[in-house]
Amino acid sequence: MIDRRVRYLQLAFNDDLRTAAPIVLGLPREERILVEAGTPFIKREGMAGVMALRKFWPHGLVADIKTTDGGAEEIEMVAGAGATAATVMGSCPQETLEVFIAACDYYGVDSLIDMLGVIDPLAVMRGLSGPPTGVVLHLGRDEESTRGKAIQYRHVTRVRSKFAQCSQRDIQRCERGGGEHRAPGQAVARYPVGQRRRGHGKAVLGDD
């Protein structure tokens with residue numbers, strides 16, 4: 001499970017296992033490094049790919065599955081494959097969010113709500129009976145080429161006012177560096193590795 005007192009480096013792999021394997025195997029065995037099985041990676045390699053990354057990497061493993069329905073079943077699959085964290089779309093039905101978070105709690109997996117395309121992340125959070133481990137704010141890969149489009153960091157302030165204890169300094173650092181942010185007191189710098197398209201920054205909030 002993610003320790004909110006620790007700062008992490010998250011490396012995202014969006015291509016295939018052949019690309020990811022030698023890089024992951026060459027990483028220092030450092031608990032503060034999180035390896036991410038990106039959505040394209042999982043679509044190419046399936047749960048077998050997640051299981052392979054688990055064999056290569058003994059620490060935090062994020063499965064970016066972007067669940068939209070069937071939350072319990074999908075968490076059962078990624079937990080069985082060795083993932084320690086997973087994502088669900090904030091735009092999916094509230095029932096799915098609730099089931100997803102409950103399943104993550106049951107299997108000991110960190111729950112992350114991806115707010116891609118969500119106009120009001122705080123409204124999504126307010127509707128939940130219990131908070132997830134974190135909230136992810138970011139631009140989609142298809143949005144990156146839209147001139148002037150940026151992550152709405154005002155949502156970071158709004159969400160943290162209700163569910164987290166982030167400092168404004170950390171938010172400003174995230175804005176400058178395009179990294180991820182988890183709270184309280186925890187930042188995650190995220191870098192796409194070996195992928196065909198340029199990556200994007202994310203802001204991630206955790207509950208207090």
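Everything quoted here is computed from the prediction, not taken from an experiment. Each chain has its residues counted from 1, running along the sequence as written. Given that the model is predicted, a residue must reach a pLDDT of at least 70 before its local features are reported, and side-chain atom pairs must reach 80 or more before they are shown or counted; all residues, however, enter totals for whole chains, interfaces and linings. Based on all heavy atoms of the structure, the side-chain values leave hydrogens and waters out of the count.

Undergrad: Explain the overall build of the chain to me, please; I cannot follow it from the model alone.
TA: To qualify as a helix, a DSSP run of H or I must reach at least 4 residues; to qualify as a strand, a run of E must reach at least 2; elements of each kind are numbered from the N terminus. Each helix and strand counted, the chain has seven helices and nine strands in total. Each residue's exposure class comes from its accessible area (1.4 Å probe, protein chains only) as a fraction of the maximum for that residue type: buried when under 20%, exposed when over 50%, partly exposed otherwise. In the chain, which comprises 208 residues, the proportion classed as buried is 52%. Here the analysis covers contacts within the chain between residues at least 6 apart in sequence; of these, 63% occur between residues at least 24 apart. All accessible-area figures derive from a Shrake-Rupley calculation using a 1.4 Å probe, and residue coverage is judged against the displayed protein chains alone. If you sum the accessible surface of the chain, you get close to 9800 Å²; carbon and sulfur atoms cover 51% of it. We call two residues in contact when some of their heavy atoms are within 4.5 Å.

Undergrad: Explain the environment of Arg-158 to me, please; I cannot follow it from the model alone.
TA: Within the element layout of this structure, Arg-158 appears in helix α6 (residues 154-163). For the pair Arg-158 and Asp-120, spaced 38 residues apart in sequence, the C-alpha separation works out to 9.7 Å. Setting aside residues no more than four positions away along its own chain, Arg-158 makes contact with Asp-120 and Leu-122.

Undergrad: What is the right way to read the pattern of salt bridges from this model?
TA: A pair is scored as a salt bridge if a Lys or Arg side-chain nitrogen falls within 4 Å of a carboxyl oxygen belonging to Asp or Glu. Summed over all chains, the structure comprises three salt bridges. Linking Asp-64 and Lys-66 is a salt bridge whose minimum nitrogen-to-oxygen distance equals 2.8 Å. Using a relative accessible area of 3% as the deciding quantity, one classes Asp-64 as buried. The partly exposed category is assigned to Lys-66, whose relative accessible area is 23%. The partner of Lys-66 in a salt bridge is Asp-114, and the shortest N-O contact between them spans 3.9 Å. Of this pair, Lys-66 sits in strand β3 (residues 61-67) while Asp-114 sits in strand β5 (residues 110-114), and the two are 48 residues apart along the sequence.

Undergrad: What am I meant to see in the packing of helix α2 (residues 39-56) against helix α3 (residues 71-81) here?
TA: A packed helix pair is summarised by two numbers, namely the angle formed by the two axes and the spacing between the axes. Running from N to C, α2 and α3 cross one another at 35 degrees; their axes reach a closest spacing of 8 Å. Every residue of α3 that contacts α2 at Met-47, Val-50, Met-51 and Arg-54 is listed here: Met-77, Val-78 and Ala-81. Under this grouping Gly is polar, as are all residues other than the nonpolar Ala, Val, Leu, Ile, Met, Phe, Trp, Tyr, Cys and Pro and the charged Asp, Glu, Lys and Arg. Grouping the amino acids of the contact of α2 with α3 by side-chain chemistry returns six nonpolar, no polar and one charged. Angular values range over 0 to 180 degrees, each being the angle between N-to-C directions of two axes fitted as lines to C-alpha atoms, with helices fitted over their stretch in contact.

Undergrad: How should the confidence of the model for the chain be read in this particular structure?
TA: If pLDDT is low for a region, its predicted coordinates should not be looked at in detail. Think of pLDDT as the predictor's per-residue confidence, scored from 0 to 100. On average, residues of the chain carry a pLDDT of 80, and 75% of them reach 70 or more. Confidence scores differ between elements of the chain, with strand β7 (residues 180-182) showing the lowest mean pLDDT of 42 and α3 the highest of 98. Across residues 165-187, where pLDDT falls below 50, the model places 75 contacts with residues more than four positions away in sequence or in other chains. Of the regions scoring below 50 in pLDDT, residues 203-208 engages in 43 contacts with residues more than four places distant in sequence or in other chains.

Undergrad: Help me understand the side chain of Gln-10, please; the structure alone is not making it clear to me.
TA: For Gln-10, the location among the structural elements is in strand β1 (residues 8-13). Classification of Gln-10 as buried rests on a relative accessible area of 2%. Among the polar contacts made by the side chain of Gln-10, one reaches the side chain of Glu-36 at a distance of 2.7 Å. Distance and chemistry together define a polar contact, namely a pair of N or O atoms within 3.5 Å, with one atom able to donate a hydrogen and the other to accept it when in protein, and with adjacent residues in sequence counting only for side-chain atoms on both sides.

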